[in-house]
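The primary structure of each chain is shown beneath.
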Amino acid sequence: MRKPEVTNADLQMEENIPVTLEHGNSEFHQKNFPQAEQLYSQFITSCLLSRKCDAASLARAYNNRGQIKYLRVDFHEAVEDYTAAIQADAHYEVPFYNRGLIRYRLGFFDDAVSDFQQALKLNPEFEDAKYRTTWGSLSACNLVWTFMIAAAVALAPPRPDLKHNSQSGSGLKSDCAGNLMRVTLDKALAVGNQLEVEAINGTKFVALTPSLAAQCGYSMESDPWGNTRIYTSLMGCYVDNKDDETFNAGLRLYMYHHENPSDMVNHDVTKKCSYTRWASREILCERNYMEVSHHMAKPAEAKGQAETQINATPGESDGAQGIWKMTFYTPDPVPMVLREAIQAGYAAMTTTNRLVVRSPYDTAETTSEEEAGVPMAVLKVSAYYKASDGLRTVNMAAACPTGGVLYTEGVISWYVPRRVTPLVDGNFKILEMFMGINGQRLDTSQMAARGYTLSTTEFHIIVEIPVGSPDGYYKSHAPDYQYHITYSVEPMLEVLWRAEDTQDDTRYKILFPITTPLMPSPPHIKDDTVPQDRMFTLYVGTFLHDVALTNVTFSTGVLTVQESMTRGFSVQEYSFSNGSKSFSLQVPFDADVVLKHNPERLVTSYFLPLVFGFVTLPEETPFALSVDLQASLQDVVLPTISGSCDQNNFYIIVEYGSQGPSFQTLVGSQQLTPELMETYNFAENNTHFSFVVQDRANGSVFELTTTDSLRARLDVVLVDYVNYWVLADLSLTCSFPYVITGCNPNGTMTALVFKMESVPNLDMSMLTLTDQSCKPVFSNARFGVFSFNVSSCGTTRMFFDNFMLYENEISLNNGATYMSPVDPEYRHKISCYYVVNDTQTVAFNSEPINKQPAAEIGSGQLMVQMRLAEDSSYDFFYQAEAYPVVKYLRQPLYFEVELMYSTDPQLELILENCWATLHEDRTSLPSWDIIVDGCVNHDDSYVTVFHPVMMDTRVAVPSHVKRFSMQMFTFTEDGEVLKDEIHVHCDAMVCNANGDADDSCRGQCVNPTGTKPYSQQGVKRTQRSTNSSNRRQLSSGPILLTTQSNS
């Protein structure tokens, strides 16, 4: 076989083994037992797998882990660890001692003493082991009687550290209750502690175990909070009995806390009780045993005996009057000598006057019978004892009820057979009958005050106790995580009857603890929420005092009570005079643990699901209570939308309502996505958000165009995410400045066409002018642009008195199809007209869907200029910076008047009147006519000449240009030159060359007329009317006269 390889990981693990043990020891000394146990287990596993496991360390790990299991009362597992420690290191004395302690408490006396002796052999200075080895002299009834008080943990500390206290300690008292001595220990002294009880037997102390207690006449009742009662029968094993009249009973109580077991406190309790009312037969039914005693006739030979006699222990013989033999009937006879009966758990003894037999309920010879429907535990025995006059036999019987309790609404009914057959042979008469509580009789007034009743029927004695009477106590339980309660009380019944045939009396005393079945007690939930306060307020209760609220589960998770308070939730506990309690919780509506939804647009429903986590004390058994709270409030403040516009954009502001930005935003027909947010310059803060939409953005719709503007609308809608309610909406309509139709002086028209809301399916690229070959120079889904010359694309022209009108029509291409059968036939006109000294535009109207688009008539400007040419070629002209132009007398002046930018061949420029003035003001005097009514002034000695105009590279339309020349002259008066400067002015008209016209538009000099010069008087010439809007007024710059000739 191949030898296993040792890896680096193995070596590292072996190096960490001692560290694990050190950590375990550290946690153990700090009382962090769960962590210590885990570390010890890791060490043990690693050590056993290691090649270098130290035996002493392994033994100590086993021993310490065993001690942890011992502290939590896992005795059998602790013994296993102590045994493993011994096997690891047989020279280690501590596990022997610890194992001996457990074996002693489990009843393995010989094995326990053997362990103590071995520990002492290994370490002779082991003082505790020396002390424990003395326990070997005690009998089998010397086990420690350990009771758990208020959920304490069993532990056996070394006795040398105990502190002694007298009986006078607060919370501890003793009294006599008939044939019982009672010790009461309240929770102020016992809570949180473990109690061990020892019987005081003269100068010795006998540790009581549950089995020894039942055998020797001791019982104990303890509620969950530490209120404890210990009963001692005056016929008990370790009671100092003086002639069956005076009894001295003593107990030593050891109390210690499991977290500090070395700090033990003991209390010695002694009580002297007198009891002389012994009946011939006394039967005592205790919670853990049955006891019967018979009076013995005192033989004459016994008169010289001592008056004080210690009751015999179960294993002793009492000499001359000792019990020799006992026969039990099941019903078959089962004979036993006294030693065998003691070993079987019975106690039998004689006192000065009485013979006593005691039996736990669970012995083999105890039988079960039923009397009047009540189950009974029955003991029948014949006791043989030695008397001076020979061997005597006493037939003895005890019968104790183990049932017979009925529970009705709020009442406990305890039925005891009136005639107990094993106890009564013939007729009998009841002499006394009492009820009591906790071993103490109650008189009639006390019973009435508590509501107790004691009655008899033909077959039963009946004790009735109201559930909740002050002599009992309630206890909380949580089976299946549901809240239940029980009520416990310990009634006593004491009956004295006399047999008619023998006249012997029998006192029958029963202490019978009763606990009701589990009673469901669902807590009441009171919802005190006032929605207007915006606060959930809840009361939960009532609970018994042994219930604690540990946590609350909200929709967001589990919070402890303290964490809930830290979060701002109010958690209160209320205690009531009857010992019950309730809890309250307050949670604001706005807390994050509250769920919200809106069943209506303005209503908020607040929902608070809760699970309260409780525990019952002291067991800390958990249970839960689910509560759902709901409240509605009309508290919704809806968001609002506001907006404004400038010349290019819509500006939108959305202010959040009470629910914040819990909605989706629609801009037009589009949802406001992150991409659109970026496009719209979206900005937000805690109270509102804003964005900017351009007037022609896809989210807007076009309603109307006017001459100089576009009316557009932006629809913004806020929609609830869940219910799709419209929370707010805004239709913001604004007019934005636009040049809808451009009438340019160069004869070019432009038209901007928008897809109006009334024609949503229109394809802008399919629009054309009258000439369908003329399509938009640009188009998209929203608008189109046309640009064309007025002499093209089927444009028409009309002349009116004061303007000239150009028109065209935009329509859908004949070959195009409409997107919808309800779409109208798309047609609208665009127009331009020209007036003097004014420029106007045309706007397109988009009417509702059932109307045809229309256009407003607009106008443009006719530009006419007059220039002075340098010579008759008219190729070069004086520019503005050349004025004033200097000419000599009679030198020709060559003028040209031109209609600018127009290419319309149907227009003709007519010079209606031209004249010269001395001053720049065209209306100043003196003046001289040059052209009158379109013809030269024939009265002028200086002849004015019209020059023909031919088409060339500069002149495209000759009818748009007029040329004339005149000779330079000056104004004189009385032979004197008034000023060496003249200014030439003209009135020009634009006429339709082919249409009907008035006299002025019939051509240049069609009806020649003349006007006499009026220079003799120097008066202003008569001015022709120029109110027609198709006329232009022109003036030249100053022309100066020079006397020098340039020839």
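Refer to the structure printed above.
Worth saying up front: this structure is predicted, and the values here are computed from it rather than measured.

Caption draft 1: A look at the packing of helix α3 (residues 55-71) against helix α4 (residues 75-88). Between α3 and α4, the shortest axis-to-axis distance is 8 Å and the interhelical angle comes to 170°. Relative to α4, α3 is oriented roughly antiparallel. As for how α3 packs across α4, the hand of that crossing is left-handed. Listed contacts from α4 to A55, L58, A59, Y62, N63, R65, G66, Q67, K69 and Y70 of α3 are F75, E77, A78, D81, Y82, A84, A85 and A88.

Caption draft 2: View of the pattern of salt bridges. Per the counting criterion, the structure on display carries 39 salt bridges. The closest approach of N and O atoms between K69 and D81, which form a salt bridge, is 3.2 Å. Here K69, found in helix α3, pairs with D81, found in helix α4; they are 12 residues apart in sequence, far enough to count as distant. Taken as a pair, K69 and D81 share a single burial class, namely buried. Across the pair R277 and E432 runs a salt bridge, and its minimum N-O distance is 3.3 Å. Here R277 is found in the loop between β11 (260-274) and β12 (281-285), whereas its partner E432 is found in strand β24 (residues 428-437), with 155 residues between them in sequence. Through salt bridges with shared partners, a single network forms among R277, E282, E432, R441, E494 and R507.

Caption draft 3: Examining the nonpolar core more closely. Residues I652, F691, F754, L767, I810 and F895 are the most contacted members of the largest nonpolar core, which totals 84 residues. The biggest single contributor to this core is strand β51 (residues 726-737), with six residues. Counting 55 residues, the second largest nonpolar core, distinct from the first, contains A348, M376, M396 and I437.

Caption draft 4: Quick look at the pairing of strand β65 (residues 892-900). Along β65, eight of the nine residues are buried, which leaves the element largely enclosed by surrounding structure. Strand direction decides the pairing type here: strand β63 (residues 863-869) and β65, joined by seven bridges, are antiparallel. Bridge assignment links R867 to a residue of β65, and that residue is E896. Strand direction decides the pairing type here: β65 and strand β70 (residues 961-967), joined by seven bridges, are antiparallel. Within β70, the position partnered with F895 by the bridge is F964.

Caption draft 5: Molecular detail of α3. Its 17 residues place the ends of α3 24 Å apart at the C-alpha level, agreeing with the 24 Å of an ideal helix rising 1.5 Å per residue. Taken across its 17 residues, α3 has 13 buried, putting it largely inside the fold.

Caption draft 6: Seen up close, the sheet that holds strand β22 (residues 405-408). Ordered by their spatial adjacency, four strands build an open sheet running β22-β23-β27-β26, and the pairing between neighbours is antiparallel. Two strands close off the open sheet at either side, each with one partner strand: β22 and β26 (453-456). Across the sheet, the mean angle from the axis of one strand to that of its neighbour is 20°, orientation sign disregarded.

Caption draft 7: Region of the structure containing the side chain of R252. With respect to the helices and strands, the residue R252 is situated in strand β10 (residues 246-257). A distance of 2.6 Å separates a polar atom in the side chain of R252 from a polar atom in the side chain of D268.

Caption draft 8: Seen up close, the packing of aromatic side chains. With the rule as written, the count across this model stands at 38 aromatic pairs. Here the aromatic rings of F247 and W278 are separated by 6.0 Å at their centres, their planes lie at 65°, and the arrangement is edge-to-face. Of this pair, F247 sits in strand β10 while W278 sits in the loop between β11 and β12, placing them 31 residues apart in sequence. Centroid distance Y680 to F691: 6.0 Å. Interplanar angle 25°. Geometry classified as stacked. On the criterion of sequence distance, the pair formed by Y680 in the loop between α13 (674-679) and β47 (683-684) and F691 in strand β48 (residues 688-694) is long-range, its members being 11 residues apart. A residue is classified by how much of its surface remains accessible, and Y680, at 4% relative accessible area, is buried. The exposure class of F691 is buried, given its relative accessible area of 1%. Grouped by ring-pair contacts, the aromatic residues Y483, F543, F583, F612, F614 and F623 constitute a single cluster. Here R60 stacks its cationic end above the ring of Y92, 4.3 Å away from the centre of that ring. Above the ring of Y384, the side-chain terminus of K325 is found at 5.7 Å from the ring centroid.

Conventions we followed
Residues numbered from 1 in each chain as written. Predicted model: local features only at pLDDT ≥ 70, side-chain atom pairs only at ≥ 80, totals over all residues. Heavy atoms only, no water. Axes fitted to C-alpha atoms, helices over the stretch in contact; angles between N-to-C directions. Helix = DSSP H or I, 4+ residues; strand = E, 2+ residues; numbered from the N terminus. Parallel < 35°, antiparallel > 145°, perpendicular 65-115°, else oblique. Left-handed = near helix turned anticlockwise from the far one by under 90°. Contact = heavy atoms within 4.5 Å. Salt bridge = Lys/Arg side-chain N within 4 Å of Asp/Glu carboxyl O. Buried < 20%, exposed > 50% of the residue type's maximum accessible area, 1.4 Å probe, protein only. Core = buried A, V, L, I, M, F, W, Y, C linked by side-chain atoms within 4.5 Å. Pairing = 2+ DSSP bridges. Expected span 1.5 Å × (residues − 1). Polar contact = N/O pair within 3.5 Å; in protein donor to acceptor, adjacent residues only side chain to side chain. Phe/Tyr/Trp six-rings, centres within 6.5 Å; stacked < 30°, edge-to-face > 60°. Lys NZ or Arg CZ within 6 Å of the ring centre and 35° of its normal.

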